[in-house]
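Structural overview
Residue strings, one per chain:
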Amino acid sequence: MITTFFSISILVLGMAVGFIYFILKENRMERVSILAKCTGSFLYVFLGATSLVLYGQNPVSNYTIWFLLLCMIADGLLEKSFIIGMFTFGVAHVVFITGNIKNAASVNILVFFVSWAIVMAVSLMIFKRDLGRMKFQSLPFLIYAGVLIADFALCLSLASLTVTSHNKLISAGTLLFYISDMMIAKEEFGKRIKSRPFMIM
């Protein structure tokens, strides 16, 4: 009961800090907004590490913690350089994918490639006009999008083999991560999204 309350409290606090970040960003308070953004990311790293310790596991040897830690670093870098931040996020997802493959008994290859191809095709359609504006950034963007989609496709393929609430949640989480990042990219290279803070959060 205490652990559940602690987890919910950290999650709510993290979301609150996230909204504060967007408010600061809208008011062009760049330095303070970066601090708020990284604080929100740190709260999720802290929650993950603390949860593992409470269950008697070592956070340092857990690939999910390294994924969250790299995402926290990427959040800060993204504010300074979109490409460097995107690259760091990509490394984080490679770590997450590698950890999932290492811990998986098997992978449904058909589900992986079909789901990857469908989401990638949809992404190319959505960003068809934006790719021209990206110029030299288009290749890093496509690579990053491909890695993000691979993350989702892998989790979906694992969920298709072992249908558990855990696998369903991870699949949903990776899909939402992809949607959130693509919305940020759409704003960066395309048009402004209505209700941006709420939608991305």
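Residues numbered from 1 in each chain as written. Predicted model: local features only at pLDDT ≥ 70, side-chain atom pairs only at ≥ 80, totals over all residues. Heavy atoms only, no water.

**A word on the overall build of the protein chain**
What the protein chain contains, in helices and strands, is nine helices and zero strands. Of the regular secondary structure in the protein chain, the N- to C-terminal order runs α-α-α-α-α-α-α-α-α. For the protein chain, buried positions account for 43% of its 201 residues. Carbon and sulfur atoms provide 73% of the accessible area of the protein chain, an area that totals close to 11,900 Å². (Helix = DSSP H or I, 4+ residues; strand = E, 2+ residues; numbered from the N terminus. Buried < 20%, exposed > 50% of the residue type's maximum accessible area, 1.4 Å probe, protein only. Areas by Shrake-Rupley, 256 points an atom, 1.4 Å probe, with all protein chains shown as cover.)

**Description of the confidence of the model for the protein chain**
Residues with a pLDDT of 70 or more make up 90% of the protein chain, whose mean pLDDT is 80. The least confident element of the protein chain is helix H9 (residues 196-200), whose mean pLDDT is 51; the most confident is helix H5 (residues 109-126), at 91. (pLDDT = per-residue confidence, 0-100.)

**Describing a nonpolar patch on the surface**
There is a patch of nonpolar side chains on the surface, built from Leu110, Val114, Ile118, Val122 and Ile126 and spanning about 450 Å² of accessible area. Structurally, valine 122 can be placed in helix H5. What makes valine 122 partly exposed here is its relative accessible area of 38%. (Patch = residues over 30% accessible without salt bridge, like charges linked within 9 Å, V, L, I, M, F, W, Y side chains within 5 Å. Salt bridge = Lys/Arg side-chain N within 4 Å of Asp/Glu carboxyl O.)

**Brief notes about the environment of serine 61**
The topology assignment puts serine 61 in the loop between helix H2 (30-54) and helix H3 (63-80). By relative accessible area, serine 61 is classed as exposed at 62%.

**Quick word on helix H4 (residues 82-103)**
In this model, H4 (22 residues) spans 32 Å end to end at C-alpha, consistent with the 32 Å of a helix rising 1.5 Å per residue. Listed in full, the buried residues belonging to H4 are Phe82, Gly85, Met86, Thr88, Phe89, Gly90, Ala92, His93, Phe96, Ile97, Gly99 and Asn100. (Expected span 1.5 Å × (residues − 1).)

**Some thoughts on the packing of aromatic side chains**
Two measures describe an aromatic ring pair: the distance that separates the ring centres and the angle between the ring planes. One pass over the structure, following the stated rule, counts seven aromatic pairs. Between the aromatic rings of tyrosine 63 and phenylalanine 96, the centroid separation amounts to 5.7 Å while the plane-to-plane angle is 55°, which identifies the pairing as tilted. In this pair, tyrosine 63 is assigned in helix H3 and phenylalanine 96 in helix H4, connecting sequence segments 33 residues apart. A ring pair is formed by phenylalanine 89 and phenylalanine 177, whose centres lie 6.0 Å apart and whose planes are at 75°; its orientation type is edge-to-face. You can see phenylalanine 89 sitting in helix H4 and its partner phenylalanine 177 sitting in helix H8 (residues 165-189), a full 88 residues away along the chain. For phenylalanine 177, a relative accessible area of 22% translates into the label partly exposed. By way of ring pairs, the aromatic residues Tyr63, Phe67, Phe89, Phe96 and Phe177 are connected into one cluster. (Phe/Tyr/Trp six-rings, centres within 6.5 Å; stacked < 30°, edge-to-face > 60°.)

**A word on the packing of H2 against H3**
Their axes nearest at 9 Å, the elements H2 and H3 cross at an angle of 180°. Looking at the two axes, H2 sits roughly antiparallel to H3. Counted together, Glu30, Ile34, Lys37, Cys38, Ser41, Phe42, Tyr44, Val45, Gly48, Ala49 and Leu52 of H2 and Ile65, Leu68, Leu69, Met72, Asp75, Gly76, Leu78, Glu79 and Lys80 of H3 form the full contact between these two elements. Considered class by class, the residues forming the contact of H2 with H3 number 12 nonpolar, three polar and five charged. (Axes fitted to C-alpha atoms, helices over the stretch in contact; angles between N-to-C directions. Parallel < 35°, antiparallel > 145°, perpendicular 65-115°, else oblique. Contact = heavy atoms within 4.5 Å. Nonpolar A, V, L, I, M, F, W, Y, C, P; charged D, E, K, R; others polar.)

**Let's talk about the nonpolar core**
Within the largest apolar cluster, 24 residues are counted, with the highest numbers of intra-cluster contacts made by Phe89, Phe127, Phe141, Tyr144, Tyr178 and Met182. Those elements giving two or more residues to this core turn out to be H3, H4, H5, helix H7 (138-161) and H8. Per element, the largest residue contribution to this core is seven residues, and it comes from H7. The residues contacting phenylalanine 141, other than those within four sequence positions of it, are Met86, Phe127, Leu131, Met134, Met182 and Ala185. (Core = buried A, V, L, I, M, F, W, Y, C linked by side-chain atoms within 4.5 Å.)

**Considering the side chain of aspartate 151**
Mapped onto the fold, aspartate 151 is located in helix H7. Among buried Asp, Glu, Lys and Arg side chains, aspartate 151 stands out as unpaired, with lysine 102 the closest opposite charge at 16 Å. Apart from residues lying up to four places away in sequence, aspartate 151 is in contact with His93, Phe96, Ile97 and Thr174. (Lys, Arg positive; Asp, Glu negative; His and termini not counted.)

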